[in-house]
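# Close look at the chain arrangement
This is what each chain is made of:
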Amino acid sequence: MLTTSPENATPSPTTHEVATPDRRPILFLISALVIALDRLTKIWIVDHIRPGYSIPVIPGVFRLSHVLNTGAAFSMMENWRADYVRIGLVSFSAVAAVLVFVLLWRVGRALSLTSVSLALILGGALGNLYDRIVLHHVVDFLAVNIYHYHWPDFNAADSCIVIGACLLLLEIFQPEKSPE
């Protein structure tokens, strides 16, 4: 009978060491899909609606528009000197995208509300960063009116950033589960 000594035996994996599939490819796929959705919708808008014009979808409530946003989110800073705003926003967006990428890399081994949120934010940030670098403006096209309030025009990338941020807030404020 062949026996192995304890020092030659392969240790059985502990619960912490059990290999779970790495979910980062799925999360980066989510980011890539956000970028693709953002690019495709912006290309459609540029090809079908002239800048400054819009198409009503739900009259008085929702319309597709074509706005060239040289400022920050919600057209902030659009009256500032364009080259300073662009350089500042490209720099800020690039640093933010790198930070989100690093966070996603760290928490992305498992699918969680946090990892999906970060994937949405990363995709949205990269979508708008592309516009700022290549076009020198961001194409916004979703226009919402609620009663007499007009929400600043936004796009698919902005939507994913906001959804990701809201999901992160839900996770932060979710009550901790008590150990059973």
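Further up the page is the structure itself.
Residues numbered from 1 in each chain as written. Predicted model: local features only at pLDDT ≥ 70, side-chain atom pairs only at ≥ 80, totals over all residues. Heavy atoms only, no water.

For any two helices packed against each other, one specifies the crossing angle of their axes together with the interaxial distance. Close contact between helix α2 (residues 82-107) and helix α3 (residues 113-134) brings their axes to 9 Å; oriented N to C, the two are set at 155 degrees. When the interaxial angle is binned, α2 and α3 end up roughly antiparallel. In this structure, α2 crosses over α3, and the sense of that crossing is left-handed. Residues Arg-86, Leu-89, Val-90, Ser-93, Ala-94, Ala-97, Val-100, Phe-101, Leu-103, Leu-104 and Val-107 of α2 form the contact with α3, whose participating residues are Thr-114, Ser-115, Leu-118, Ala-119, Ile-121, Leu-122, Leu-126, Leu-129, Arg-132 and Ile-133. (Axes fitted to C-alpha atoms, helices over the stretch in contact; angles between N-to-C directions. Helix = DSSP H or I, 4+ residues; strand = E, 2+ residues; numbered from the N terminus. Parallel < 35°, antiparallel > 145°, perpendicular 65-115°, else oblique. Left-handed = near helix turned anticlockwise from the far one by under 90°. Contact = heavy atoms within 4.5 Å.)

In this model, α3 (22 residues) spans 32 Å end to end at C-alpha, consistent with the 32 Å of a helix rising 1.5 Å per residue. Most of α3 is tucked away, with 16 of its 22 residues classed as buried. Just beyond α3, the residue with positive phi is His-136, at close to 70 degrees. (Expected span 1.5 Å × (residues − 1). Buried < 20%, exposed > 50% of the residue type's maximum accessible area, 1.4 Å probe, protein only.)

This part covers the sheet that holds strand β4 (residues 149-154). Taken together, the 4 strands give an open sheet; going across it, the order is β1-β2-β3-β4, and neighbouring strands pair in antiparallel fashion. The strands lining the two open edges of the sheet, one partner per strand, are β1 (54-58) and β4. Averaged over all pairs of adjacent strands, the angle between strand axes in this sheet comes to 30 degrees, irrespective of strand direction. Summarising the sheet, strand β3 (residues 138-146) and β4 pair through 4 bridges and their orientation is antiparallel. Bridging from a neighbouring strand, Ile-146 pairs with Tyr-149 of β4. (Pairing = 2+ DSSP bridges.)

Across 4 bridges, β1 lies against strand β2 (residues 62-69) in antiparallel orientation. Bridging across to β2, Ser-54 finds its partner in Ser-65. Connecting β1 to the antiparallel partner β2 that follows it, the hairpin turn spans 3 residues, and Gly-60 within it adopts a positive phi of roughly 80 degrees. Here 6 bridges tie β2 to β3, and the two strands are oriented antiparallel to one another. Residue pairing for β3: Val-67 is matched across the bridge by Asp-140.

Okay, the side chain of Arg-132 next. Its place among the elements puts Arg-132 in helix α3. For the buried residue Arg-132, which engages in no salt bridge, the nearest side chain bearing the opposite charge is Asp-158, 6.7 Å off. Once residues lying within four places of it in the same chain are set aside, the contact partners of Arg-132 are Asn-69, Thr-70, Gly-71, Ala-72, Arg-86, Leu-89, Val-90, Ser-93, His-137 and Val-138. (Lys, Arg positive; Asp, Glu negative; His and termini not counted. Salt bridge = Lys/Arg side-chain N within 4 Å of Asp/Glu carboxyl O.)

Turning our attention to the nonpolar core. Listed in full, the 8 residues of the largest apolar core are Leu-27, Ala-97, Val-100, Leu-104, Leu-118, Ala-119, Ile-121 and Leu-122. Looking at this core, the elements with two or more residues in it are α2 and α3. It is α3 that contributes the most residues to this core, 4 residues altogether. Those residues within four positions of Ala-97 in sequence are excluded, and the remaining contacts are Leu-122 and Leu-126. Core analysis: the second largest hydrophobic core is formed by 7 residues, Ile-45, Val-139, Leu-142 and Phe-154 among them. (Core = buried A, V, L, I, M, F, W, Y, C linked by side-chain atoms within 4.5 Å.)

Together, Val-98, Phe-101, Val-102 and Trp-105 make up a nonpolar patch on the protein surface, roughly 370 Å² of accessible area in all. Relative to the helices and strands, Phe-101 is located in helix α2. By relative accessible area, which is 37% here, Phe-101 ends up partly exposed. (Patch = residues over 30% accessible without salt bridge, like charges linked within 9 Å, V, L, I, M, F, W, Y side chains within 5 Å. Areas by Shrake-Rupley, 256 points an atom, 1.4 Å probe, with all protein chains shown as cover.)

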